[in-house]
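# Coordinate inspection notes
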Amino acid sequence: MGYREYEKKLEYYQKLYDKTYMKIFFASLGDFGHMDEFHINMSNYKLKERLVKNDKEKKLKMASSFYGQKEEILKMTQDLLVDSAEELAEYMADEDDDEPWILMGNLSNNVTGRAFLRDRSHDWKEGPLTCSRFIIAIQKNHDGERFHVTSCYPVF
């Protein structure tokens, strides 16, 4: 892809990805991958269980959860998408980039996060680690216009 073609696509996505777009296509927690099922108000037991029992292949290195009102968590994640519109436009305009993209934001005042690591450095008896940030992992759809969220979870 040439630079002029990239610039045309970038301009298109810059116009497309406004606040209204983000609020329409990411209107519910279900639009954020498996966040609602695995990353909201999960007990410490459930987080540890996810690492030990539910991940037989030991691919997960961390299990984390947001804590707060679901409406606040949704607003926080939507706000990060809106604030990252330029970055998302650049990602989408680059046809050569098919890798997942990670957005990172700070947890809001009304949302907290905790995590357990599958690592010897984390003694689970001392409780979960406190998270201060979160990520949204996105992937391009191959329809030429949209992307989808594969996951969204707190990190420390």
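The model shown is predicted, which means the values in this text are computed figures rather than measured ones.

## Brief notes about the nonpolar core
- Membership of the largest hydrophobic core comes to 37 residues, with the highest contact counts inside it found for Tyr-17, Phe-32, Phe-66, Leu-81, Ile-136 and Phe-147.
- Ranked by the residues each element gives to this core, the list is headed by helix H6 (residues 85-93), at six residues.
- What Ile-136 contacts, discounting residues up to four positions off in sequence, is Phe-32, Thr-77, Leu-80, Leu-81, Trp-101, Ile-102, Leu-103, Val-149, Ser-151 and Cys-152.
- In terms of nonpolar packing, the next biggest core, distinct from the first, is built from six residues, Met-42, Leu-47, Leu-51 and Phe-116 among them.

## Digging into the side chain of Thr-77
- Within the secondary structure, Thr-77 is located in helix H5 (residues 70-83).
- A residue is classified by how much of its surface remains accessible, and Thr-77, at 0% relative accessible area, is buried.
- Not counting chain neighbours up to four residues away, the residues in contact with Thr-77 comprise Phe-32, Met-35, Phe-134, Ile-136 and Cys-152.

Calculation notes
Residues numbered from 1 in each chain as written. Predicted model: local features only at pLDDT ≥ 70, side-chain atom pairs only at ≥ 80, totals over all residues. Heavy atoms only, no water. Core = buried A, V, L, I, M, F, W, Y, C linked by side-chain atoms within 4.5 Å. Buried < 20%, exposed > 50% of the residue type's maximum accessible area, 1.4 Å probe, protein only. Helix = DSSP H or I, 4+ residues; strand = E, 2+ residues; numbered from the N terminus. Contact = heavy atoms within 4.5 Å.

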